[in-house]
Amino acid sequence: MSLVADLRVLYHMAFPPAGGDGHAGRLEAFYGPQAEAYDDFRRRLLHGREEMMRSLEIPEDAHLLDLGGGTGHNLTYLDGRWERLRRATVVDLCPSLLRVAEARARHEGWDKVRTVLADVTAFEPDDGPADVVTFSYALTMIPDWFAAIDLAYAVLKPGGTIGVADFYVSRKWPAPGRTRHGAWRRTFWPCWFGRDNVFLSPDILPYLQSRFETVRLEERLGTVPYLPGARVPYYVFLGRKS
């Protein structure tokens, strides 16, 4: 990626455009101007999503539902598991990002992929329940994130898998065995990301664990481009619907 492209993305992150009609309008105003450069920059920022996607158990003839899937980049990590899919559906509320996903699908020859412009808190699959549902750095951008998790539960088959990778901060007093972040991290990162309408919550991960059986949970710290020494908390969660 060129420095010029990096600077373009950083400019929009540092000076997010004002306005936009509702959540969809804010997403388009923010991501529209940087859609083409989105993946190259986020590859260095969005830790754990490749690991999450590669760890998914995908049954034969599966329908994978990528909620808030944006540019469809997550699907590049499926590798040899493509033949197991019946369909992969990328759902997002930002037209500019979905256009990148559609171009990627054409370029890669992904004839099993379709894109849907929709709110992931109200999306209804028209071909039955999903076998796998994923959220990759999407829940922190959905104001009604608990409704998005509830929808994922509703559309997932019994025994189906959910995979999530995202930023977060811990509760002040997390459950036993969970990571506890200090006051500085619990204060700084929500403020830093909140400028771009990315809301780090201490409650998303506990809610996921309350809705799904935990198969795997990794809590880590990741680097941030152009912020030397900075480490942002993120997690990788794999769950199962009982």
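Nothing here was measured: the structure is a model prediction, and the numbers come from that model. (Residues numbered from 1 in each chain as written. Predicted model: local features only at pLDDT ≥ 70, side-chain atom pairs only at ≥ 80, totals over all residues. Heavy atoms only, no water.)

(A) Spatial organisation of the overall build of the protein. A count of helical and extended segments in the protein gives eight helices and seven strands. A total accessible area of about 10900 Å² is found for the protein, and carbon and sulfur atoms account for 54% of it. (Helix = DSSP H or I, 4+ residues; strand = E, 2+ residues; numbered from the N terminus. Areas by Shrake-Rupley, 256 points an atom, 1.4 Å probe, with all protein chains shown as cover.)

(B) Summary view of the pairing of strand 7 (residues 231-240). Strand 7 sits mainly inside the fold: eight of its ten residues count as buried. Both strand 5 (residues 156-167) and strand 7 contribute to a ladder of seven bridges, which runs antiparallel. Paired with isoleucine 162 across the bridge in strand 7 is glycine 239. Pairing between strand 6 (residues 213-223) and strand 7: ten bridges, direction antiparallel. Across the sheet, threonine 214 pairs through a bridge with glycine 239, a residue of strand 7. (Buried < 20%, exposed > 50% of the residue type's maximum accessible area, 1.4 Å probe, protein only. Pairing = 2+ DSSP bridges.)

(C) Summary view of helix 8 (residues 204-211). Inspection of helix 8 places Ile204, Leu205, Pro206 and Leu208 among the buried residues, and these make up the whole buried set. Structurally, helix 8 contributes buried residues whose contacts are with helix 6 (145-155), strand 5, strand 6 and strand 7. (Contact = heavy atoms within 4.5 Å.)

(D) Seen up close, the sheet that holds strand 1 (residues 62-67). With mixed pairing, seven strands are arranged side by side in an open sheet as 3-2-1-4-5-7-6. In the strand order of this sheet, the two ends are held by strand 3 (113-117) and strand 6, each with one partner. Mean inter-strand twist for the sheet, computed between neighbouring axes without regard to direction, equals 15°. Where strand 4 (residues 130-136) and strand 5 come together, six bridges link them in parallel fashion. Following the sheet pairing, serine 136 is matched in strand 5 by alanine 165. Sheet strands in contact with helix 5 (residues 95-108) are strand 2 (85-92) and strand 3, and its direction is about 170° off that of strand 3. Those strands touched by helix 8 are strand 5, strand 6 and strand 7, and its axis lies near 10° from that of strand 7. (Axes fitted to C-alpha atoms, helices over the stretch in contact; angles between N-to-C directions.)

(E) Focus on the packing of aromatic side chains. Scanning the entire structure with this criterion turns up 13 aromatic pairs. With centroids separated by 4.7 Å and ring planes inclined at 70°, the aromatic side chains of tyrosine 137 and phenylalanine 167 adopt a geometry described as edge-to-face. In this pair, tyrosine 137 is assigned in the loop between strand 4 and helix 6 and phenylalanine 167 in strand 5, connecting sequence segments 30 residues apart. Overall, the relative accessible area of 6% leaves tyrosine 137 in the buried class. The ring centre of tryptophan 173 lies 4.5 Å from the NZ or CZ of arginine 180, which sits over that ring. If you follow lysine 241 out to its NZ or CZ, it ends over the ring of tyrosine 153, 4.5 Å from the centre. (Phe/Tyr/Trp six-rings, centres within 6.5 Å; stacked < 30°, edge-to-face > 60°. Lys NZ or Arg CZ within 6 Å of the ring centre and 35° of its normal.)

These results come straight from atomic positions and should not be treated as a statement about function.
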